[in-house]
Structures are given as C-alpha cells and as structure tokens.
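Summary of structural features
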Amino acid sequence: MKFVKEDDEQRRDYIFQKNTKTKLGAKFIIIVLALLIAGVVVSGMFLGYF
C-alpha cells in the first residue's frame with residue numbers, strides 16, 4: 001500500500017492522491033490545528049496556568 005499516489009500512476013491502493021484538493025485540505029487542517037493550539041496557549045496564559 002502506498003501513502004501518496006502521483007497523478008500519473010494507475011493504482012488503487014493509496015491513501016492520499018497528490019492533487020490540488022488534497023494539498024488544500026491538508027493546509028486547511030494544519031491551519032485549524034495551529035489556531036486551536038494557539039487558543040489553548042493564550043487561554044492558559046490568561047487563566048494563569050503558564
């Protein structure tokens with residue numbers, strides 16, 4: 001099983017395909033996770049845990 005499939009490969013056993021939708025989705029998820037982590041850190045600062 002392959003993790004990332006190239007555009008020109010003809011196979012069905014892959015998890016992600018290297019295309020625009022996958023790249024956009026990965027960037028969106030990373031940004032949302034970063035914002036959530038930043039929110040937890042900032043709220044911890046205001047509440048005095050850090």
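Residues numbered from 1 in each chain as written. Predicted model: local features only at pLDDT ≥ 70, side-chain atom pairs only at ≥ 80, totals over all residues. Heavy atoms only, no water.

Focus: the overall build of the protein
Along the backbone of the protein there are one helix and two strands. Listed by position from the N terminus, the elements making up the protein come as β-β-α. A globule of 50 residues ought to have a C-alpha radius of gyration of about 10 Å, yet the protein, at 18 Å, is considerably larger. The buried share of the protein, taken over its 50 residues, is 4%. In the protein, 8 positive and 5 negative side-chain charges are present, and the distance between their average locations comes to 5 Å. (Helix = DSSP H or I, 4+ residues; strand = E, 2+ residues; numbered from the N terminus. Rg over C-alpha atoms; globule rule 2.2 N^0.38 Å. Buried < 20%, exposed > 50% of the residue type's maximum accessible area, 1.4 Å probe, protein only. Lys, Arg positive; Asp, Glu negative; His and termini not counted. Charge placed at Lys NZ, Arg CZ, Asp CG, Glu CD.)

So, helix α1 (residues 20–47)
With 28 residues, α1 should reach 40 Å at 1.5 Å per residue; the first-to-last C-alpha distance of 41 Å fits that figure. For α1, the buried fraction is low: one of the 28 residues fall into the buried class. Just downstream of α1 lies Gly48, where phi reads positive at about 85°. (Expected span 1.5 Å × (residues − 1).)

Remarks on a nonpolar patch on the surface
Among the surface-exposed residues, Phe28, Ile29, Val32, Leu33 and Leu36 lie close enough to one another that they form a single nonpolar patch of about 490 Å² accessible area. Summarising the element assignment, Leu36 is placed in helix α1. Overall, the relative accessible area of 53% leaves Leu36 in the exposed class. (Patch = residues over 30% accessible without salt bridge, like charges linked within 9 Å, V, L, I, M, F, W, Y side chains within 5 Å. Areas by Shrake-Rupley, 256 points an atom, 1.4 Å probe, with all protein chains shown as cover. Salt bridge = Lys/Arg side-chain N within 4 Å of Asp/Glu carboxyl O.)

Some remarks on the environment of Gly44
As for its placement among the helices and strands, Gly44 is situated in helix α1. Using a relative accessible area of 5% as the deciding quantity, one classes Gly44 as buried. Once the C-alpha coordinates of Gly44 and Lys5 are considered, the two residues, 39 residues apart in sequence, prove to be 41 Å apart.

Thoughts on the confidence of the model for the protein
Looking at the protein, the pLDDT average stands at 85 and 94% of residues meet or exceed 70. Mean pLDDT per element in the protein: strand β1 (residues 2–5) is the minimum at 72, and α1 is the maximum at 94. (pLDDT = per-residue confidence, 0-100.)

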